[in-house]
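# Working through the structure, step by step
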Amino acid sequence: MKNRILELKKQKNALILAHYYTIPEVQDIADFVGDSLALAKAAASTNADIIVFAGVHFMAETAKILNPTKKVIIPDLNAGCSLADSCPADQLATFLQQYPDHLVLSYINCSAEVKALSDIIVTSGNALKIVQSLPEDQKIVFTPDRNLGAYINSTLQREMVLWDGACHVHDQLTADEVFKLKVKYPNAKVLAHPECKATILALADFVGSTAAMLQFTETDLTMEYIVATETGILYEMHKRNPDKIFHIVNSSETCSCNDCEYMKLNSLSKIYSALKNEEPELILDQELMEKAKLPILKMLEMS
Ligand code: 13P
Ligand code: SF4
């Protein structure tokens, strides 16, 4: 399957992008694996004719918006995102009527329609830097993630108005579970994704995007970590740090509840058939893409 994908990819001048939460086989076949920021940058700079996006729908939308003339295909159209779904664009438009003098900052985990309502897009990799660069008295509405928004507010002493959205994978993790692991592994440092609740972030030694957490494990001298994010990241963590030990924070001992079921929909056989048939193709309205592109370009300029 791997060889067939590689052959097709060459024939069709295609680029395979994958997120760190996808299964190991998918990460291995990808030309580039990254966090949302790095994937958006890779999509912006490619000269491939076809982009196969092994991630979730909003990530593929971002790639399409940045490359409207290229074919963007998604191995499984059902690979959505609960966080993006927690902010329907029509409800956000009504909400924003209360804040006409506010800048609208949206986390990249949102639909193209929400991006079109936003002034600047941020990722977990650049959110602090971008908000910090805005004047202190700038009024801001932050969508859709209340946890990332609250983290920015407390870190930078801001008072951004927060949309009440969350990721079902990160939001269900509990500080209790992190605390139990801390007691069990007292030498371990805690790494957390900013989509986790504030109670978890308060226990973390390092908070950052998937790429930032990976980078931290490579430069930090600690040998053991408690990791509060989606399970897929462990593959790259082990690869980069074969001698280190990682304990994933799970909300239950009986299930892998922090597997993102959307990310896990990407498989080699789906990538193969998507590449072969050049579908499912992501099609977006031209006017929507033009509106959604502006806040993404603003982010790329500022990060
Ligand atoms: P990163 O941008 O940190 O990779 O996060 C993406 C995501 O979907 C986290 O749930
Ligand atoms: Fe969306 Fe959460 Fe999955 Fe990330 S982990 S893609 S935020 S549902």
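Residues numbered from 1 in each chain as written. Chains lettered and ligands numbered in written order. Predicted model: local features only at pLDDT ≥ 70, side-chain atom pairs only at ≥ 80, totals over all residues. Heavy atoms only, no water.

This part is about the site of ligand 2. Residues in contact with ligand 2 amount to 13 residues; listed here are only the nearest, Cys81, Asn109, Cys167, Glu195 and Cys260. Counting atoms within 2 Å of the grid points, the majority share of ligand 2 lands in the largest cavity. Among the elements of the structure, α5 (82-85) and α10 (168-171) are those that each provide at least two residues to the shell around ligand 2. The residue inventory of the shell around ligand 2, partitioned by class, reads eight nonpolar, four polar and one charged. (Near = heavy atom within 4 Å. 1 Å grid on protein atoms, 1.4 Å probe; cavity = no way out; pocket = protein on both sides within 12 Å on 5 of 7 lines; lining within 4 Å. Sits in = over half its atoms within 2 Å of the grid points. Helix = DSSP H or I, 4+ residues; strand = E, 2+ residues; numbered from the N terminus. Nonpolar A, V, L, I, M, F, W, Y, C, P; charged D, E, K, R; others polar.)

Moving on to the sheet that holds strand β12 (residues 245-248). Strand pairing in a sheet is mediated by backbone hydrogen bonds. Such pairs are either parallel or antiparallel. With parallel pairing, four strands are arranged side by side in an open sheet as β10-β9-β11-β12. Only two strands of the sheet have a single partner each, and these edge strands are β10 (206-207) and β12. Bridge count for strand β9 (residues 189-192) against strand β11 (residues 224-228) is four bridges, and the pairing is parallel. Across the sheet, the residue bridging to lysine 189 is tyrosine 225, located in β11. (Pairing = 2+ DSSP bridges.)

This paragraph deals with the pairing of β11. In the case of a regular strand, side chains alternate between the two sheet surfaces. Most of β11 is tucked away: five of the five residues are buried. Burial along β11 is two-sided: Glu224, Ile226 and Ala228 facing one way and Tyr225 and Val227 facing the other are all buried. Sheet topology places β11 next to β12; four bridges connect them, and they run parallel. Paired with tyrosine 225 across the strands is phenylalanine 246, a residue of β12. A crossover connection joins β11 to the parallel β12 through helix α14 (residues 233-240); in handedness this β-α-β unit is right-handed. (Buried < 20%, exposed > 50% of the residue type's maximum accessible area, 1.4 Å probe, protein only. Right-handed = clockwise from strand over helix to strand, strands pointing away.)

Among the structural elements, aspartate 35 can be located in the loop between β2 (32-34) and α3 (36-45). From its side chain, aspartate 35 meets the backbone nitrogen of alanine 38 in a polar contact 2.9 Å long. (Polar contact = N/O pair within 3.5 Å; in protein donor to acceptor, adjacent residues only side chain to side chain.)

What follows concerns the pairing of strand β1 (residues 14-19). Counting buried residues along β1, six of its six residues qualify, which places the element largely inside the surrounding structure. Across the two faces of β1 the burial is the same, with Ala14, Ile16 and Ala18 and Leu15, Leu17 and His19 all buried. Bridging between β1 and strand β3 (residues 50-54) involves five bridges; their strand directions are parallel. Considered in β3, the bridge of alanine 14 is made with isoleucine 50. Bridge analysis of β1 against β2 gives three bridges, and the strand direction is parallel. Counterpart to leucine 17 in the pairing with β2 is phenylalanine 32. Crossover handedness for the path β1 to helix α2 (residues 24-29) to β2: right-handed.

In the neighbourhood of ligand 1, the contacting residues comprise His19, Tyr21, Asp35, Ser36, Tyr107, Asn109, Ser124, His170, His193, Glu195, Ser209 and Thr210. Take histidine 19: an N or O atom from its side chain is 2.6 Å from an oxygen atom of ligand 1. Within the side chain of glutamate 195, one N or O atom sits 2.9 Å away from an oxygen atom of ligand 1. Coverage of ligand 1 by the protein amounts to 96% of the 300 Å² it exposes when considered alone. Residue classes in the shell around ligand 1 are distributed as two nonpolar, eight polar and two charged. (Areas by Shrake-Rupley, 256 points an atom, 1.4 Å probe, with all protein chains shown as cover.)

Attention now moves to the packing of aromatic side chains. As enumerated under the stated definition, the model contains four aromatic pairs in all. Residues phenylalanine 95 and tryptophan 163 carry aromatic rings whose centres are separated by 5.1 Å and whose planes lie at 90 degrees to one another, so their mutual orientation is edge-to-face. Taken together, the residues span a long stretch of sequence, with phenylalanine 95 in helix α6 (residues 89-96) and tryptophan 163 in the loop between β8 (161-162) and α10 at a distance of 68 residues. Overall, the relative accessible area of 9% leaves tryptophan 163 in the buried class. Ring centres of tyrosine 225 and phenylalanine 246 lie 5.5 Å apart, and the angle between their planes is 15 degrees; this geometry places the pair in the stacked category. A residue pair is termed long-range when its members are at least 10 positions apart, and tyrosine 225 in strand β11 and phenylalanine 246 in strand β12 qualify at 21 residues. Tyrosine 225 gets classed as buried once you look at its relative accessible area, which sits at 0%. Among the aromatic residues, those joined into a cluster by ring pairs are Phe95, Tyr99 and Trp163. Against the face of tyrosine 272 rests arginine 4, its NZ or CZ located 4.6 Å from the ring centre. (Phe/Tyr/Trp six-rings, centres within 6.5 Å; stacked < 30°, edge-to-face > 60°. Lys NZ or Arg CZ within 6 Å of the ring centre and 35° of its normal.)

Bear in mind that shape data such as this cannot, by itself, settle questions of function.
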